[in-house]
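Structural overview for review
Residues per chain, in single letters:
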Amino acid sequence: MYQLLIKNARIIDGTGSPWYYGDLAVSEGKIVAIGQIDGPAEETVNADGAYLSPGFIDIHSHSDRSILSDPKAESRILQGVTTEVTGNCGSSVAPESDETMRQRKLFTTFKEYLDAVEETRPSVNTAALVGHGTIRDAVMGYSTSEATAEQIEAMQKLTAQAMEDGAFGISTGLIYPPSCYASQEELVQVISAVKPYGGYYATHMRNENRDVVKSVKEALDTAKAAGVKLQISHHKVTCKADWRVSCKTTIAMIERARRQGQDVTCDQYPYSASATGLSSNIPAWAFEGGIDALVERLKDPVTREKLKEESNASHLGRWGDIYVATLKSEENQWMIGKSITEIAEALGGKDYAETCFDIVIAEKEEAREVNFGMCEEDIEYIMSQPFVMPGSDGSAMPLDQPGKPHPRNYGTFVRVLSHYCRDRKLFSLETAVQKMTALPAARVGLGDRGVLKQGMWADLVLFDLESLKDDPDYKNPQQPCSGIRKVYVNGVLTAENGVHTGAQAGMVLRRQNHK
Ligand SMILES: [Zn+2]
């Protein structure tokens, strides 16, 4: 007797092979048979010709903290994401130095963190990277100094311990303090600590604007010198003058590296706006010593003047593209959905940089932005490459999340399927599914997910291609996607027609169990 039998589906197995009509049976959370199956089963579902694919794997997630408070993860589940990889852009929750941990009530070791996630019984499967920024913070705080040999050794030790505890690799966020204070030499040494474990290196590069080409070179060189596989995070070009040009160069560089035997892949979110902390518009040197030191500098008239000049110079003509997405304080709620220039206007013609600074002073890390900086041609060019996979750069959120979070949190995977695959015809449906299943599974090293075949965990998405739609948009991001009929995590029905069933059947995936 099967636990579950799905009949008459158009099966897209995730490998890129053409779809075929068939049935799929599940027992004890795993796929036990595919083909013509008669049952009996505890539950039989007639797919009636809908597509059945592996659950989507979001290789670029930031649910590290939110999964602890929101284990149901509606934003992930309702778009068909069944596994996510956290710890990207240099930032993980653990490990922390003992002192920092006591202050913030966090977790000292990576194992403690993973155990805590397991205890919340998340609805999605979770795999995690360890963040270089987090590790550097644990060893040397928000110091802009070059790391000494002892400090590098301490960072290597923490990295190795995180890998022992179950991390799948290491990430950097080279625009964010304190990760950005590291030299390339330091990065090579710290990153090489994941090599013995077969871990990979994911990088939010130093620059995605004017210097994106230089940054891709740095990423390729760093990974090569460290001897590890490379994942370029959310690849994009945000310098308007270089649109339609720079991405041709970066993709050619990646192709060349691959031809020469370097294992490099990329992820990308399918939107022309990015999203990050509003504080990212402030020069990195001002963060030395941490967020409180930053606030002090923003309040000091002389330093503030200097920061204002630098910020305005680097944001010439760009403040109007930056919109406030979320913030906490009651009196600033009116700013949500407005651009920095609109807010400055409303404040009586205030200076743009100072408008941004004062929001950061009031909200600290709680202020987030949506920033329109990319062009569609670049997005499509990058997405069409066989080594590029979707990654939301978003996180687990409920449908009643306040503010206007970036729609990528809720709609990334359905947008790729409905808009770029079905409507824009960039690639076949089989290729689209492969990019969101087998490709990320191979990159992370998840041998038991990402493909529909006997013995694999039954992470499944049943969808109607015609009615598939990424309803979440900038105006109303907190919505389910249309066309996703059913989502199963480890064989358990977790969403049906845009509604979360309440099931919490996800697993915490640890590297040592995936050899
Ligand atoms: Zn990033």
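As the structure is a prediction and not an experimental result, all values here were calculated from the model.

1. A word on the sheet that holds strand β13 (residues 264-268)
Strand pairing in a sheet takes place through backbone hydrogen bonds and is either antiparallel or parallel in direction. Taken in spatial order, the six strands make up an open sheet running β9-β10-β11-β12-β13-β17, and their pairing is parallel. A single partner strand is all that each edge strand has here, and the edge strands are β9 (130-131) and β17 (388-390). Sheet topology note: the strand β10 (residues 169-173)/strand β11 (residues 200-204) ladder contains five bridges and is parallel. Its bridge partner being in β11, Gly169 is matched across the sheet by Tyr200.

2. So, the environment of Gly35
Along the chain, Gly35 falls in strand β3 (residues 30-35). Along the backbone, Gly35 and Gly22 are 13 residues apart, and their C-alpha atoms lie at a distance of 5.0 Å. Aside from chain neighbours lying at most four places away, what touches Gly35 is Gly22 and Asp23.

3. A closer look at the packing of helix α4 (residues 110-119) against helix α6 (residues 149-165)
Axis separation between α4 and α6 bottoms out at 8 Å; the angle between their running directions is 35 degrees. Classified by chirality, the crossing of α6 by α4 is right-handed. Between α4, through Phe110, Lys111 and Leu114, and α6, the contact on the second element is made entirely by Gln161, Ala162 and Asp165. Of the residues in the contact of α4 with α6, the class split is three nonpolar, one polar and two charged.

4. A word on the pairing of strand β5 (residues 51-54)
Where a strand is regular, its side chains alternate between the two sheet faces. In terms of strand pairing, strand β1 (residues 2-11) meets β5 through two bridges, oriented parallel. What sits directly across from Ile11, in β5, is Leu52. Bridging between β5 and strand β18 (residues 460-463) involves four bridges; their strand directions are antiparallel. When the sheet's bridge partners are listed, Pro54 is paired in β18 with Leu460.

5. Notes on the domain arrangement of the protein
Taken domain by domain, the protein comprises domain 1 (2-54 + 470-503), domain 2 (56-274 + 378-444) and domain 3 (277-372). Here the C-alpha centroids of domain 1 and domain 3 sit 44 Å apart.

6. Focus on the nonpolar core
If you look at the biggest cluster of nonpolar residues, it comprises 124 residues, and the most contacted ones within it are Ile6, Leu24, Leu52, Ile191, Tyr201 and Leu462. The dominant element in this core, judged by the number of residues it contributes, is helix α15 (residues 408-423), at seven residues. Ile191 has contacts with Ile170, Tyr201, Thr222, Ala226 and Val228, leaving out every residue within four places of it along the chain.

7. Some thoughts on unusual backbone geometry
For the bond running from Gly39 to Pro40, omega is 5 degrees, close enough to zero to count as cis. Structurally, the position occupied by Pro40 is in the loop between β3 and β4 (41-46). For the peptide bond that leads from Ala94 to Pro95, omega is 0 degrees, which places it in the cis range. Within the fold, Pro95 resides in the loop between β7 (81-86) and α3 (98-104). Residue His234 is not a glycine yet carries a positive backbone phi of 30 degrees. If you trace the backbone, His234 turns up in the loop between β12 (229-232) and α9 (246-259). A count of 21 C-beta atoms within 10 Å places His234 in the buried class.

8. Some thoughts on the packing of α15 against helix α16 (residues 429-436)
Put simply, α15 and α16 touch, their axes get as near as 10 Å, and they point 160 degrees apart. One element, α15, and the other, α16, form an angle in the roughly antiparallel class. When the axes of α15 and α16 are compared, the crossing they make is right-handed. Where α15 approaches α16, its residues Phe413, Val416, Leu417 and Cys421 are matched on the opposing element by Leu429, Ala432 and Met436. When its residues are assigned to classes, the contact of α15 with α16 shows seven nonpolar, no polar and no charged.

9. As for the environment of Ala73
Here Ala73 lies in the loop between α1 (66-69) and α2 (74-77). Overall, the presence of 27 C-beta atoms within 10 Å leaves Ala73 in the buried class. Here the alpha-carbon distance between Ala73 and Pro398, two residues 325 residues apart in the chain, equals 6.2 Å. The contacts of Ala73, once residues within four sequence positions are left out, are Ser63, Ile67, Pro122, Ser123, Val124 and Ala396.

10. Description of the sheet that holds strand β14 (residues 273-277)
A sheet is described by the order of its strands in space; here three strands give the open sequence β14-β16-β15, paired in antiparallel fashion. Looking at the sheet topology across the chains shown, the edges are occupied by β14 and β15 (322-326). Strand after strand, the sheet turns through a mean of 30 degrees between neighbouring axes, direction not considered. Relative to strand β16 (residues 368-372), β14 runs antiparallel, the two sharing five bridges. Paired with Gly277 across the two strands is Arg368, which belongs to β16.

11. Re the pairing of strand β20 (residues 492-496)
Across four bridges, strand β19 (residues 484-489) lies against β20 in antiparallel orientation. By the bridge assignment, Val487 is partnered in β20 with Ala495. The turn joining β19 and β20, which pair antiparallel and follow one another in sequence, is formed by two residues; a positive phi near 50 degrees is taken by Asn490. When β20 meets strand β21 (residues 499-500), the two strands line up antiparallel, connected through two bridges. Across the sheet, Ala495 pairs through a bridge with His500, a residue of β21. In textbook terms, the turn of a hairpin is the stretch between consecutive antiparallel strands, and for β20 and β21 this stretch comprises two residues, one of which, Asn497, has a positive phi near 45 degrees.

Reading the values: the criteria
Residues numbered from 1 in each chain as written. Predicted model: local features only at pLDDT ≥ 70, side-chain atom pairs only at ≥ 80, totals over all residues. Pairing = 2+ DSSP bridges. Helix = DSSP H or I, 4+ residues; strand = E, 2+ residues; numbered from the N terminus. Contact = placed C-beta atoms within 7 Å. Axes fitted to C-alpha atoms, helices over the stretch in contact; angles between N-to-C directions. Left-handed = near helix turned anticlockwise from the far one by under 90°. Nonpolar A, V, L, I, M, F, W, Y, C, P; charged D, E, K, R; others polar. Domains from an automatic or database assignment. Core = buried A, V, L, I, M, F, W, Y, C linked by C-beta atoms within 7 Å. Buried ≥ 20, exposed ≤ 12 C-beta atoms within 10 Å, placed from the backbone. Parallel < 35°, antiparallel > 145°, perpendicular 65-115°, else oblique.

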